[in-house]
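Spelled out from the first residue to the last, the chains are:
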Amino acid sequence: MEDSDGEESIETPELPLEIIVYIMSFLHAPDRKEASLVCQSWYNASQDLRFQKNVTFSFPASASSLELVRGLGRRSRCSLIISQLDGFSMSRSLLLEVGLCLGSKLESLALPGSSITEASLLALLPRLTSLRRLDLRGLDSLFMSGAFLSREEHRRQVSSALAGLEELDLSDLRYLSDLTFNRLTGCTPCLHRLSLAGCHIAFEFDPYRGCPVGALEDSSALLSLRNLRRLLTEQKSTLIALDLSRTSITPESLRTIAQVQGLVLEELCLHGCKELTDYSVEVLVKHQPSLQRLDISACTELTARAVVAIARGLKSLTHLSLSRDWRITEKGLADLLSLSSLRSLDLSECLHISGAEIVKGLTGSNTARAQLETLNLKSCTYIRDVAVFSLTKLLGNTLRELDLTSCVNVTDLSVCAITTYLQGLVVLRLGWCIEVTDWGLLGMVEPTKCDPDEEKGDKGPRFTRTFGNMGFFKPPRLPFEERPKLVTQDDLEQFKQQAGASLLALNRLQELDLTACSKLTDSSITQVVRYPDLQRLSLSMLPEITDATLLSVAWHCRSLTSLALSHCPQISDRGVAQAAPYLHRLQHLYLSCCNNITDRSLFLLVQHCKRLRTLDISRCKNISVTTVDLLQSQLPFLENVHYKFIGGTDLTLTL
């Protein structure tokens, strides 16, 4: 075979589909998505069932969504999140199309931010015979009238379709009552997971009737504890997960739920239940010892006594959240960290935690200590380098996610410990660790700080030439006046030759947060932020970084889907022009308060970043509203555009 130039060329044989599927099995989901665009064969390989197990399609209701739904009909299974549905004809047509094309294939359906009618949903549900998860969160329009599923004919049709439903989310429903709750759950006889977070549940007193809950028949105005307990009793053989976050549940009410005969919960979420006490946790642990996941974050009355009870009673615990439980101290943490089953611990905003007891609990034998994969110490301001160093050594083989956001006493020594011992990290958050410098990221030791005009040795007091400081002696240098020695080109050459661990060692990172680490500059970021699998990066509030950082990040981190550069005053159109061609996968971009960004950057985003879904250009004074309107019309997936005070708006006029 000859080409147009007369030279002989060899035609490449087409790979078998099985070989392409095997190759794709080594790729992350974003990379498979890119590979599927090569040709029809590679697209067909990407649709193999092994890659479609947990794929969810999310899109807003629009006329173009109809064609998308029809295309999904070719799949053997599917999960949908459809937002912004309303009661108009287009939304009704879309739901009807979902029922016709995906009825027996749909496994999960969520309708966030919607306001649909009862008739629209009742026309859809009987067709969803394979549905396993239904999310009706915040759909007050369905329950406001109290007539949802009031007709026996409708209940019979829905019961037939939802007999296999396993997960039901009824969070944030203001008008959920005993009657509507009973009708809906009566159609779902084998629930595994139930969420009632944020619902108005009357646990002890009925304010409408002025009597204790349960003294009368089922209420048409509110959901009662008696009714919830009845459901738990009826479905105790299958129900394993319950979410009562942000409700007014009391200690006695929690005791009533925990003591339901035959109920064996594995997951319980009580986030923001502010009336719970240590006693209620002790009762819960006693009656539900099989709990594996427990969230009691923002339960502000809890103390270390609750932690001790959990450590002694929940021997199968894998995930625990104590976030924002401000009264919790170090007591009990050593016992907690001796649970060999524990994999995730959230202590964010627990202000009295220093890490000493965590280290103590982890220094036990390898068979009797937690193998943590996730550790969140956000805003634990007592955490210092000594604790971080010990934790990294003890958790080096297992830890995959570490959050040290706002741990203001963490310095470069902690960064060096992380890069040395935690080379399997996937997520690292160091936002607002204001003492971290370029030297820490580079894994180098900063040269000894010395004042060039100072001589070695103590020569006695030094006098100033003026009396401007109201004294005779030179005032001491304050900590906030000290700045790290800048990294020079010679230092970078030394970095390239050294064998020590820098941030480059964390080559599995998928998320990195360096927000407000204000001492960082181009010198370190251009050298170490080079991760092919990095998806989320925040460099907001770094005043020293320039377009060089943006170009380097775009070139070396081409899997980025989220990039934050807000409050970086030196980022300009030039940097966006150089970086945008390498950011084809970008979905979320934050550029607020970047005053060197103009309309030109938006035109470049339209040209190169077709998948953009979120854009923040607030307070960018050189961007016009006209260009923003053009951007919204040109990018098909763009959902959120934040553009307050653009174009040089005078902020004083808003006061």
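You'll find the structure just up there.
Residues numbered from 1 in each chain as written. Predicted model: local features only at pLDDT ≥ 70, side-chain atom pairs only at ≥ 80, totals over all residues. Heavy atoms only, no water.

Asks: Help me understand the pairing of strand β1 (residues 57-60), please; the structure alone is not making it clear to me.
Replies: It is a general feature of regular strands that their side chains alternate between the two faces of the sheet. The two faces of β1 differ: Phe57 and Phe59 on one face are buried, but Ser58 and Pro60 on the other face are not. Traced from β1 through helix α4 (residues 65-72) to strand β2 (residues 78-83), the parallel crossover comes out right-handed. (Buried < 20%, exposed > 50% of the residue type's maximum accessible area, 1.4 Å probe, protein only. Helix = DSSP H or I, 4+ residues; strand = E, 2+ residues; numbered from the N terminus. Right-handed = clockwise from strand over helix to strand, strands pointing away.)

Asks: Got a minute to help me understand the packing of helix α10 (residues 225-234) against helix α11 (residues 251-258) in this structure?
Replies: At a minimum axis separation of 10 Å, α10 and α11 run at an interaxial angle of 20°. Relative to α11, α10 is oriented roughly parallel. Note on packing geometry: the crossing formed by α10 with α11 is right-handed. On the side of α10, the interface is formed by Leu225, Leu228, Arg229 and Leu232, while α11 contributes Ser253, Thr256 and Ile257. Split by residue class, the contact of α10 with α11 holds four nonpolar, two polar and one charged. (Axes fitted to C-alpha atoms, helices over the stretch in contact; angles between N-to-C directions. Parallel < 35°, antiparallel > 145°, perpendicular 65-115°, else oblique. Left-handed = near helix turned anticlockwise from the far one by under 90°. Contact = heavy atoms within 4.5 Å. Nonpolar A, V, L, I, M, F, W, Y, C, P; charged D, E, K, R; others polar.)

Asks: How should I be thinking about the pattern of salt bridges in this particular structure?
Replies: Any two side chains of opposite charge can pair, given that their charged atoms come close. Scanning all chains against the criterion turns up 22 salt bridges. With its nearest N and O atoms 3.4 Å apart, the salt bridge here joins Arg151 to Glu153. Taking relative accessible area as the criterion, Arg151 reaches 47% and is therefore assigned partly exposed. Here Asp403 and Arg429 are joined by a salt bridge, their closest N and O atoms 3.5 Å apart. With a gap of 26 residues between them, Asp403 in strand β17 (residues 401-403) and Arg429 in strand β18 (residues 427-429) connect regions that are remote in the sequence. On the basis of relative accessibility, which here comes to 18%, the residue Arg429 falls in the buried class. A single salt-bridge network, built from bridges that share partners, covers Arg133, Glu167, Arg193, Glu267 and Arg293. (Salt bridge = Lys/Arg side-chain N within 4 Å of Asp/Glu carboxyl O.)

Asks: I tried to follow unusual backbone geometry on my own but got confused; where do I start?
Replies: Leave glycine aside and you will find that most residues have negative phi; peptide bonds, for their part, are mostly trans. A positive phi angle, close to 65°, is found at Glu349, a residue other than glycine. Here Glu349 falls in the partly exposed class, since its relative accessible area comes to 26%. For Ser406, which is not glycine, the phi torsion reads 65° and is therefore positive. As for its position among the elements, Ser406 is in the loop between β17 and α17 (412-421).

Asks: Whenever I open this one, a nonpolar patch on the surface confuses me. Can you help?
Replies: On the surface, a nonpolar cluster with roughly 500 Å² of combined accessible area is contributed by Leu15, Ile19, Tyr22, Ile23 and Phe26. With respect to the helices and strands, Tyr22 occurs in helix α1 (residues 17-24). We classify Tyr22 as exposed; its relative accessible area is 51%. (Patch = residues over 30% accessible without salt bridge, like charges linked within 9 Å, V, L, I, M, F, W, Y side chains within 5 Å. Areas by Shrake-Rupley, 256 points an atom, 1.4 Å probe, with all protein chains shown as cover.)

Asks: Would you mind going over the nonpolar core with me for this structure?
Replies: Nonpolar side chains tend to gather and get buried jointly when the protein is soluble and globular. In terms of nonpolar packing, the biggest core is built from 170 residues, with Leu80, Leu194, Leu196 and Leu336 touching the most fellow members. Not counting chain neighbours up to four residues away, the residues in contact with Leu196 comprise Leu170, Ser171, Leu176, Phe181, Ile201, Leu223, Leu228, Asp243, Leu244 and Thr247. (Core = buried A, V, L, I, M, F, W, Y, C linked by side-chain atoms within 4.5 Å.)

Asks: Help me understand the packing of aromatic side chains in this model?
Replies: The relation between two aromatic rings is expressed through the spacing of the ring centres and the mutual angle of the planes. In the structure shown here, the tally under the stated rule is four aromatic pairs. Note on Tyr22 and Phe26: the rings are 5.1 Å apart at their centroids and 90° apart in plane angle, and the pair reads as edge-to-face. For the pair Tyr22 and Phe26, one class covers both residues: exposed. Stacked on the ring of Trp555, the Lys or Arg Arg558 has its end atom at 4.2 Å from the ring centre. (Phe/Tyr/Trp six-rings, centres within 6.5 Å; stacked < 30°, edge-to-face > 60°. Lys NZ or Arg CZ within 6 Å of the ring centre and 35° of its normal.)

Asks: Explain the environment of Leu565 to me, please; I cannot follow it from the model alone.
Replies: Mapped onto the elements of the fold, Leu565 is located in the loop between β21 (562-564) and α22 (573-579). Separated by 27 residues in the primary sequence, Leu565 and Ser592 have C-alpha atoms spaced 7.6 Å apart. Residues within four places of Leu565 in sequence aside, it is in contact with Leu539, Ser540, Ile545, Leu550, Tyr590, Leu591 and Cys594.

In short, shape yes, function no, at least from these values alone.
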